[in-house]
Structure formats: C-alpha cells, structure tokens
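Structural description and commentary
Each chain, letter by letter, is given below.
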Amino acid sequence: MEKYKQDNFNSKDKKLSGAELAKKELEKELGIPYSEFEMLDLDEQHKLIE
C-alpha cells in the first residue's frame, strides 16, 4: 500500500474519508470553513466557486 502514498497529504489526512478530504480541499480553495459554505444558498455557493 505504501506505493499508493500521495505526497500532497500529511499522515493525518490519510485517515480521512474521500468526502472529508474533498471538504478540506474545498475549504482550502474557497478560504472559508465548509460549515459556512453549507449555509450559503445555492446561488451564493456558485458565485463563490466561480
């Protein structure tokens, strides 16, 4: 399994599920916590993503 190691994630992140990793990446890209992103309406989410 070691050959599948992804260098861009630290060892703590390897224990996260795919959904949790996606949330962390979204937080990093948008600069806001995922919990705040979830509270936005759909139009606001789309504007922020663009």
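Residues numbered from 1 in each chain as written. Predicted model: local features only at pLDDT ≥ 70, side-chain atom pairs only at ≥ 80, totals over all residues. Heavy atoms only, no water.

Assigned secondary structure in the protein consists of three helices and zero strands. Tracing the protein from N to C terminus, the helices and strands come up as α-α-α. Looking at the protein as a whole, 10% of its 50 residues are labelled buried. Accessible surface, the protein as shown: approximately 4,600 Å² in total, 52% of it carbon and sulfur. (Helix = DSSP H or I, 4+ residues; strand = E, 2+ residues; numbered from the N terminus. Buried < 20%, exposed > 50% of the residue type's maximum accessible area, 1.4 Å probe, protein only. Areas by Shrake-Rupley, 256 points an atom, 1.4 Å probe, with all protein chains shown as cover.)

As a further point, take the pattern of salt bridges. Under the criterion given, the structure shown has one salt bridge. Its salt-bridge partner being Glu-25, residue Lys-28 comes within 3.2 Å of it at the nearest N-O pair. Taken as a pair, Lys-28 and Glu-25 lie in helix α1 (residues 18-30) at a separation of three residues, close to a single helical turn. (Salt bridge = Lys/Arg side-chain N within 4 Å of Asp/Glu carboxyl O.)

With that settled, consider the side chain of Gln-45. Summarising the element assignment, Gln-45 is placed in helix α3 (residues 42-49). For Gln-45, a relative accessible area of 15% puts it in the buried group. A distance of 2.9 Å separates a polar side-chain atom of Gln-45 from the backbone oxygen of Phe-37. Other than its neighbours up to four places away in sequence, Gln-45 contacts Phe-37, Glu-38 and Leu-40. (Polar contact = N/O pair within 3.5 Å; in protein donor to acceptor, adjacent residues only side chain to side chain. Contact = heavy atoms within 4.5 Å.)

As a further point, take the confidence of the model for the protein. Summarising the model, the protein shows a mean pLDDT of 81, and 72% of its residues fall at 70 or more. The secondary-structure element of the protein with the lowest mean pLDDT is α3, recorded at 92, while helix α2 (residues 34-39) shows the highest, at 95. (pLDDT = per-residue confidence, 0-100.)

Moving on: the environment of Leu-30. Along the chain, Leu-30 falls in helix α1. Through-space distance from the C-alpha of Leu-30 to that of Ile-49 is 7.1 Å; in sequence the pair is 19 residues apart. Each residue touching Leu-30, except ones within four places of it in the same chain, is listed here: Phe-37, Leu-48 and Ile-49.

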